Amino acid sequence: MTVVASPAEIETGNTRRFLAAPRWLIAYLQATPLLLILGFFFVLPILMIIVVSFWDYDFAGLYPDFLAMNYTDTLGSWVTWKTYLNTMKFTALTWALTLVIGFWVAYFLAFHIRTTTMQMALFLVCTVPFLTSNIIRMISWIPVLGRNGLVNSTLIELGIVPEPVDWLLYSDFAVVLAMVHLNTLFMVTPIFNTLMRIDRSLIEAARDCGASGWQVLWNVVLPLAKPGMAIGSIFVVTLVMADFSTVQVMSGGQSASVALMMKNQMSLLQYPAAAANAVVLLIVVLLMVAAILRVVDIRREL
């Protein structure tokens, strides 16, 4: 006699066989969509840049090849090294200023504003400039810092300077100021998120033990805020290293960065040279991020 299983029994058997599959196989199947997305939109473009960086080129076109010429020209030029040092200078100054400003803004919002509603309202006020594009916010500094701008006019009227100050605009000072303005919120947000997670009982316990305000800040708040500071540092460092428009506009063409150099190479159709610079820049940024991760463990924030 032939026994025919019911649909419910067949479904139950299939479910049992699926559950009996190795856990590693189930995990890979669940991660496959994400792997495909990252592979197509992240890994593949990087591989293409690496491949193109070994190609040959001239004014007429690109020629697939395997040459180290682009890397030797990039790493063997003192102009390139000077440009990298200039970029590192902008990055270090912007990172230091955004870290100081971002920490104190986040500290004020987290510990000096009592109600959650007011905290969120003030935090949204900090995000208002981001409702406009970076270009508009950057260019808005030109009428403020120019020779006939607001700052120079105020300084002359107060008698502080006899004539307009030239270094306020189209200088390294203007570049760093604009970068700090554009990137401070990327430091405020993760630090604020970290400070809001700190157990207030720890601060009360430190005060009950006789710690002063500065001792609480140095021994309790700062160590617990390190993950947020590290995440903000990664954001700021990567954004500044890849910024070319701010350097080009705010320096008036008098300063350079690696991203601006790559932009000029691409405008001249020197794509392999630009790809080689992109690979070197990527390695530098990854080393900087790795150094940050070696100092601070950010897994608790992720």
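None of the values given here were measured: they were computed from a predicted structure.

Got a minute to help me understand the UniProt feature "transmembrane region" (unreviewed entry) in the protein chain in this structure?
Within the UniProt annotation, "transmembrane region" (unreviewed entry) is assigned to residues 25-55, 90-109, 121-142, 173-195, 216-242 and 271-296. The distance from the first to the last C-alpha atom of residues 216-242 is 37 Å, and the span holds 96% helix and 0% strand. Taken end to end, residues 271-296 is 96% helix and 0% strand, and its two terminal C-alpha atoms sit 37 Å from one another.

Help me understand the UniProt feature "domain: ABC transmembrane type-1" (unreviewed entry) in the protein chain, please; the structure alone is not making it clear to me.
On the UniProt side, "domain: ABC transmembrane type-1" (unreviewed entry) is annotated at positions that read residues 84-292 here. Its end C-alpha atoms 19 Å apart, residues 84-292 is made of 77% helix and 0% strand.

What exactly am I supposed to notice about the pattern of salt bridges here?
A side chain of one charge can pair with a side chain of the opposite charge if their charged atoms are brought near each other. Applying the stated criterion across every chain, the model contains 3 salt bridges. The shortest N-O distance in the salt bridge between K89 and D172 comes to 2.7 Å. Here D172 lies in helix 9 (residues 172-196) and K89 lies in helix 4 (residues 78-112), a separation of 83 residues in the sequence. Overall, the relative accessible area of 34% leaves K89 in the partly exposed class. Between D166 and R147 there is a salt bridge whose closest N-O contact spans 2.1 Å.

How do you make sense of helix 4 when you look at a structure like this?
Because each turn of an α-helix spans 3.6 residues, side chains separated by three or four positions end up pointing in the same direction. The end-to-end C-alpha distance of helix 4, which contains 35 residues, comes to 50 Å, matching closely the 51 Å that a straight helix rising 1.5 Å per residue would cover. The distance from a side-chain oxygen at the start of helix 4 to the backbone nitrogen of V79 is 3.3 Å, and the residue carrying that oxygen is S77.

Explain the side chain of T184 here, please?
The residue T184 is located in helix 9 in this model. Within the structure, the side chain of T184 is placed 2.4 Å from the backbone oxygen of V180, a separation counted as a polar contact. Discounting chain neighbours no more than four positions away, the residues touching T184 are T98, I101 and G102.

Looking at this structure, how should I read unusual backbone geometry?
The phi angle of most residues is negative, glycine excepted, and most peptide bonds adopt the trans form. Positive phi, normally seen in glycine, also occurs at Y170, with a value near 55°. For Y170, a relative accessible area of 37% corresponds to the partly exposed category. A positive phi is found at L269, a non-glycine position, where the angle reads about 65°. Mapped onto the fold, L269 is located in the loop between helix 13 (258-267) and helix 14 (271-295). Residue classification places L269 among the partly exposed positions, given a relative accessible area of 46%.

Any chance you could explain the packing of helix 11 (residues 213-241) against helix 14 here in plain terms?
For any two helices packed against each other, one specifies the inter-axial angle together with the distance between the axes. Taken N-terminus to C-terminus, the directions of helix 11 and helix 14 make an angle of 165°; their axes are 10 Å apart at the nearest point. The angle between helix 11 and helix 14 falls in the class roughly antiparallel. Here helix 11 runs over helix 14; the crossing is right-handed. Each of A230, S233, I234, V237, T238 and M241 in helix 11 lies in contact with helix 14, whose residues at this interface are L281, V284, V285, M288, V289, I292 and L293. Looking at the contact of helix 11 with helix 14 residue by residue, the classes come out as 11 nonpolar, 2 polar and no charged.

What exactly am I supposed to notice about the nonpolar core here?
Taken as a class, soluble globular proteins show a tendency for nonpolar side chains to be buried jointly. If you look at the biggest cluster of nonpolar residues, it comprises 42 residues, and the most contacted ones within it are F103, Y107, F111, I191, L195, V221 and M250. When contributions to this core are tallied by element, the ones reaching two or more residues are helix 4, helix 9, helix 10 (200-208), helix 11 and helix 12 (245-250). Among the elements that make up this core, the one with the highest residue count is helix 9 (12 residues). The next biggest cluster of nonpolar side chains, apart from the first, holds 21 residues, and it includes M261, V279, V280 and V289.

How should the environment of V188 be read in this particular structure?
Here V188 shows up in helix 9. Each C-alpha atom of the pair V188 and F123 lies 9.2 Å from the other, and the pair is 65 residues apart in sequence. Residues in contact with V188, not counting those within four places in the same chain, are G102, V105, A106 and F123.

Help me out: how do you make sense of helix 11 in this one?
An ideal rise of 1.5 Å per residue puts 42 Å on 29 residues; helix 11 reaches only 36 Å between its terminal C-alpha atoms. K226 marks where helix 11 bends most, by close to 45°; the proline P227 follows one to four residues later.

Procedures and definitions
- Residues numbered from 1 in each chain as written.
- Predicted model: local features only at pLDDT ≥ 70, side-chain atom pairs only at ≥ 80, totals over all residues.
- Heavy atoms only, no water.
- UniProt positions renumbered as here; feature names shortened; annotations may be inferred.
- Helix = DSSP H or I, 4+ residues; strand = E, 2+ residues; numbered from the N terminus.
- Salt bridge = Lys/Arg side-chain N within 4 Å of Asp/Glu carboxyl O.
- Buried < 20%, exposed > 50% of the residue type's maximum accessible area, 1.4 Å probe, protein only.
- Expected span 1.5 Å × (residues − 1).
- Polar contact = N/O pair within 3.5 Å; in protein donor to acceptor, adjacent residues only side chain to side chain.
- Contact = heavy atoms within 4.5 Å.
- Axes fitted to C-alpha atoms, helices over the stretch in contact; angles between N-to-C directions.
- Parallel < 35°, antiparallel > 145°, perpendicular 65-115°, else oblique.
- Left-handed = near helix turned anticlockwise from the far one by under 90°.
- Nonpolar A, V, L, I, M, F, W, Y, C, P; charged D, E, K, R; others polar.
- Core = buried A, V, L, I, M, F, W, Y, C linked by side-chain atoms within 4.5 Å.
- Bend = angle between axes of the 7 residues up to and from the residue.

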